[in-house]
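# Close look at the chain arrangement
The primary structure of each chain is shown beneath.
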Amino acid sequence: MHHPKILEKFGLTQLRLREIFTAETDSADIAIRKRFEERIQDRIDQGVRICAENATLYQAVDMAWDSPPIQKETIPLLLWAQGKIKKEALRSRIEGTPLEQELIKKKADGTISIDIPRLHEMSITLVRSYVTRRLAAQTSRFANLWPYFRYEPRGVEAVSKLKADALSQRMDILVDAYNIRHLGTQLARDQLLYARSVAFPRSSWDCVEGWRAKDLNVEGGEIEVESYVIREGVEFVNPKPSQVYWDLSAPLPNINTDTGPSWIGYWGIVKYGDLLDGKYWNTDKLSIGASWAELVSKFQDFFTYYFDPKILQWPGSRSDPTLGNNREANIGTYAATDKDCGVLLVQHFEKINPKQEGICDYDCDIWLRFSVAGDGTVVGAEAMPSIPACYGGMNENDQRVVNMSMAMELLAYQDQLSNLASHMLGQLRLGLLQLWLIDKDSLEPDIRTYFEDGMKRKDFWVDPQALFYSSSKLKELGIMDPSQAFRVVQANLSNTIENCFNGITRLLNLCDRLMILSPNELGQPAPREISATEVQEISNTTTSIQTFVSDGIDEQRAAMKKLLYQALICRSKSVLRVPALNRYSLETLTKAGFSPADTANIDDGKIIPINTTIVGDVGTLIYEYVFDSRDGAERTPNAAVSQTITQLVQFLTSNEVVARAMGKRRLFELVNEAVRLSGSGVDFKLTMDEGEDGEIGAAELEQVVEQLAMTMQGMDARLSALDGGGAPAGGPPPPGGPPPGGPPPGLPPGSPTPEDLGLPPDAEAEVNAAVLSLGADPSQV
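Since the structure is predicted, the reported quantities are computational estimates derived from the model, not experimental observations. (Residues numbered from 1 in each chain as written. Predicted model: local features only at pLDDT ≥ 70, side-chain atom pairs only at ≥ 80, totals over all residues. Heavy atoms only, no water.)

Moving on to the sheet that holds strand 12 (residues 342-352). A sheet is described by the order of its strands in space; here 5 strands give the open sequence 8-9-12-13-14, paired in antiparallel fashion. The open sheet terminates on both sides in strands that have one partner only, identified here as strand 8 (244-246) and strand 14 (377-383). Between one strand axis and the next, the sheet turns by 20 degrees as a mean value, whatever way the strands run. Taken together, the 6 bridges between strand 13 (residues 366-373) and strand 14 define a ladder with antiparallel strand orientation. Paired with Phe-370 across the bridge in strand 14 is Ala-381. (Pairing = 2+ DSSP bridges. Helix = DSSP H or I, 4+ residues; strand = E, 2+ residues; numbered from the N terminus. Axes fitted to C-alpha atoms, helices over the stretch in contact; angles between N-to-C directions.)

What follows is the structure, encoded as structure tokens:
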């Protein structure tokens, strides 16, 4: 974690980086610039070439994800089939695509014909359906998580828990502002489609500010305004795996712990005019190299599939080797007239030691983000506060550059299913073919004309037709059966359709077995009656597979939690203002460095209500947190923890030796923690008087244990009711409320009264009012 104030102290600022990478005169800075640009360019050339060479599998998955009817090349073909466009228009729309050679046939007279059987092909998108099912199983784990990221403290005291709760709430504001919930679904889908996904921060920190009025109700005079932060945080970018490169000397997953690659990046092609907005440097010195033009030409299928052909145009050859980047092999420089031409834009992250590189006196390894355009010209640079990327992978081998994904394994099955379905449609089309055998010698000319005209009008199946023939004439010709003079020949498809469906069913069963999918996981009923043991085995297998798939997602989430936390601590400009998740005392709030936003109804020593807004400085959140994967499906609800503590207290107090050894203080802490985590809204806290001995004497042991046992039993009953386990023990209160001085409603008979617990006599009314404010029924809490 690198704070900008510390970097500024040692001279590592964005102004200093711009000074280096815009240097042109002979100086130490120009030497640093040349060294960096040459090294970065070599790594970019290597990375882009590897991406293009290994993009075939990714491109196949992308094509399989889209069924033919929604592919842009097929739309003109469907329009022609519907009679909405003519052949000439169809040819002009698919000109230059592989479909032109496949479908358009030239006749001898110069006219064109369309290969009609192509319209009867059918594609079954098996990849989409299977990936969607497993994606739904994963995203459902996080759909109802609030907050989206929960930070666990390493400490167990109240101050540590308060800081963790405040950080979790602040991070949830950031998640909503930058749509990270949606991003999580996209990252999980990419892991199923491509076996990996890598999320990059678009910048070190994004901050959008605006103006607002201090008081809109001021009468007369000028309204005073103030600046405020509309939103701030980290915006993530999720490039395709075919556009991500990294240092192959280290495993890519180790980028999450900053122990892996020393450089990584992603690239794309944008319009040159997009760089002329004033955010980038050196835009008048960009050039295009011969090596890049050769690469695009060599992998033309890859570039034309993922990029608009309009931006795959480069400036003309008019460069002077002494200009720009001093590239000997550049073939063109960008000018103001080339705004619509494409330019390679790369976000390159590299871990360096600024002091060893001669940049400044900061003697620690730090990640720098370089924006590189054209033929290796650095057009932007900044220091990153944390790791440069967050990796997530599913069943990947770290020793390989490209791994098979779930979608890639499904490609073969999808092709075979599409072939079977297309064959079935072809057979159905063949079944529509009819051959009318008409004996012209045995039928009268007018009858033959009648048949010919009827076939042209296609009206034989519309109205009943009468056909008159001369039996004597047929007998003279030796024809005893009139149907021999007129016969229709049609293909017999009685078994073809059934065989195709049987083949599809067997192929899907094979696919389910090899992909370790069960009909139950796919939402299908079992094909036969199965035993309880089989049900349990299917459930265990499905759970283990889903847990295995989720490992990569949880690993990436943990890295994102770390990156977001360190960026927030280093770059946040606004005051921390969040609601507290749980109930804490004002003393705990003060020790943690916070204060309640409204102190009107809060007294010293009083427990603050749930969701009380607290304010403070982001710097107070600097603490040791646990960035682990126990934040998804394994996140334990607070109510479940409270119930576990309740049962633990009952067990501990059942043993006299253990209870006396623990003492009042530890027992009271457990009870208070159970109440706090229950979320019931009860203002309840056991405390010790000043100077009170924490030991439990033999005389009072029985009384203390009995009271604690009854209290925890009541707490257990309340938690069961809140969790939907039925009404609390004791049943509903009698009409008119409980008797004065008796136990609160819902507790077993003999439970301690508010006076016994050291609460004021009107505590019951306060509790009921608090419960009503939460929209609950006091009789059920």
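We now examine the sheet that holds strand 7 (residues 236-237). Taking strand neighbours across the sheet as the criterion, the 3 strands line up as 7-4-15 in an open arrangement whose pairing is antiparallel. Every interior strand has two partners, whereas the edge strands, strand 7 and strand 15 (390-393), have only one. By the bridge criterion, 2 bridges tie strand 4 (residues 196-201) to strand 7 in an arrangement that is antiparallel. Opposite Pro-201, over in strand 7, you have Phe-236 as the bridge partner.

Looking along a regular strand, one sees side chains alternate from face to face of the sheet. In terms of burial, strand 4 is a largely internal element, 6 of the 6 residues being buried. The alternating pattern of strand 4 places Arg-196, Val-198 and Phe-200 and Ser-197, Ala-199 and Pro-201 on opposite faces, both of which are buried. (Buried < 20%, exposed > 50% of the residue type's maximum accessible area, 1.4 Å probe, protein only.)

What follows concerns the nonpolar core. Counting 124 residues, the largest nonpolar core has Ile-180, Phe-236, Trp-267, Trp-292, Phe-303 and Ile-359 as its most contacted members. A per-element tally of this core places helix 17 (residues 532-571) first, with 11 residues. For Trp-292, the residues in contact, after removing those within four places along its chain, are Val-48, Trp-267, Ile-269, Phe-303, Trp-314 and Leu-344. If you look at the next biggest cluster of nonpolar residues, it comprises 14 residues, including Val-244, Ile-255, Ala-389 and Tyr-391. (Core = buried A, V, L, I, M, F, W, Y, C linked by side-chain atoms within 4.5 Å. Contact = heavy atoms within 4.5 Å.)

What follows deals with the packing of aromatic side chains. Under the counting rule described, the total for this entry stands at 26 aromatic pairs. For the pair Trp-292 and Phe-303, a centre-to-centre distance of 5.6 Å together with 85 degrees between the ring planes defines the contact as edge-to-face. Pair noted here: Trp-292 is in helix 11 (residues 290-298) and Phe-303 is in helix 12 (residues 300-306), with a separation of 11 residues, a long-range link. The exposure classification of Trp-292 matches that of Phe-303, with both residues buried. One aromatic cluster is present, built from ring pairs that chain together Trp-267, Trp-292, Phe-302, Phe-303, Tyr-305, Tyr-306, Phe-307 and Trp-314. One cation-aromatic arrangement involves Arg-39 over Phe-36; the distance from NZ or CZ to the ring centre is 4.7 Å. Arg-557 extends its terminal NZ or CZ atom over the ring of Tyr-148, reaching a point 4.6 Å from the ring centre. (Phe/Tyr/Trp six-rings, centres within 6.5 Å; stacked < 30°, edge-to-face > 60°. Lys NZ or Arg CZ within 6 Å of the ring centre and 35° of its normal.)

A few words on helix 16 (residues 496-514). Look at helix 16: 27 Å from first C-alpha to last across 19 residues, which is about the 27 Å you get at 1.5 Å a residue. When we look at burial in helix 16, the residues that qualify are Thr-496, Cys-500, Ile-504, Leu-507, Cys-511 and Asp-512. In a view along the axis of helix 16, the buried residues occupy a sector of 145 degrees, so they form one face of it. Relative to its buried face, helix 16 has exposed residues pointing more than 90 degrees away, namely Arg-506 and Arg-513. Directly beyond the C-terminal end of helix 16, a positive phi value near 55 degrees is found at Ile-516. (Expected span 1.5 Å × (residues − 1). Arc of directions from axis to C-beta.)

For Ser-405, the position within the fold is in the loop between strand 15 and helix 13 (406-431). Residue Ser-405 is classed as buried on the basis of its relative accessible area, which comes to 1%. A polar atom in the side chain of Ser-405 sits 3.2 Å from the backbone nitrogen of Met-408. The contact partners of Ser-405, leaving out residues within four places of it in the chain, are Leu-192, Leu-193, Tyr-194 and Ala-195. (Polar contact = N/O pair within 3.5 Å; in protein donor to acceptor, adjacent residues only side chain to side chain.)

Quick look at the pattern of salt bridges now. Counted according to the given criterion, the structure contains 24 salt bridges. The salt bridge involving Glu-624 is made with Arg-154; its shortest N-O contact spans 3.7 Å. Of this pair, Glu-624 sits in the loop between strand 20 (613-616) and strand 21 (625-626) while Arg-154 sits in the loop between strand 3 (152-153) and helix 9 (158-177), and the two are 470 residues apart along the sequence. Among the residues examined, Glu-624 registers a relative accessible area of 52% and is labelled exposed. A salt bridge links Glu-587 to Lys-591; the shortest N-O distance between them is 3.4 Å. Of this pair, Glu-587 and Lys-591 both sit in helix 18 (residues 586-591), 4 residues apart, which is roughly one turn of the helix. The two residues Glu-587 and Lys-591 agree in class, both being exposed. Connected through salt bridges with shared partners, the residues Arg-35, Arg-39, Arg-43, Glu-350 and Glu-357 form a single ionic network. (Salt bridge = Lys/Arg side-chain N within 4 Å of Asp/Glu carboxyl O.)

Attention shifts here to the packing of helix 9 against helix 17. Where helix 9 contacts helix 17, the two axes come as close as 11 Å, and the packing angle between them is 95 degrees. One way to sum up the angle between helix 9 and helix 17 is to call them roughly perpendicular. Packed against helix 9, whose contacting residues are Leu-167, Arg-170, Met-171 and Leu-174, the element helix 17 presents Leu-564, Tyr-565 and Leu-568 at the interface. Of the residues belonging to the contact of helix 9 with helix 17, the class tally is 6 nonpolar, no polar and 1 charged. (Parallel < 35°, antiparallel > 145°, perpendicular 65-115°, else oblique. Nonpolar A, V, L, I, M, F, W, Y, C, P; charged D, E, K, R; others polar.)

Tracing the chain through its elements places Ser-168 in helix 9. A residue is classified by how much of its surface remains accessible, and Ser-168, at 1% relative accessible area, is buried. With near-sequence residues (within four places) excluded, Ser-168 lies in contact with Pro-147, Phe-149, Arg-150, Tyr-151 and Leu-581.

Caution applies to low-pLDDT regions: their predicted coordinates should not be interpreted in detail. Counting all residues, the mean pLDDT for the chain is 78, and 71% of those residues have values of 70 or more. Per-residue pLDDT stays below 50 along residues 317-329; that stretch engages in 29 contacts with residues further than four places along the chain or on separate chains. pLDDT under 50 marks residues 770-781. Its contacts with residues more than four places away, or in other chains, come to 21 contacts. (pLDDT = per-residue confidence, 0-100.)

Nonpolar side chains collect at one region of the surface, where Trp-211, Leu-216, Ile-223 and Val-225 lie side by side and expose about 490 Å² of accessible area between them. Checked against the element boundaries, Ile-223 lands in the loop between strand 5 (206-213) and strand 6 (225-233). We classify Ile-223 as partly exposed; its relative accessible area is 41%. (Patch = residues over 30% accessible without salt bridge, like charges linked within 9 Å, V, L, I, M, F, W, Y side chains within 5 Å. Areas by Shrake-Rupley, 256 points an atom, 1.4 Å probe, with all protein chains shown as cover.)

Of note, Asn-179 is a non-glycine position whose phi angle comes to about 55 degrees, a positive value. Within the element layout of this structure, Asn-179 appears in the loop between helix 9 and helix 10 (180-194). Residue Asn-179 is classed as partly exposed on the basis of its relative accessible area of 46%. Phi angles above zero are rare outside glycine, and Asn-395 is one such case at about 55 degrees. Residue position: Asn-395 is located in the loop between strand 15 and helix 13.

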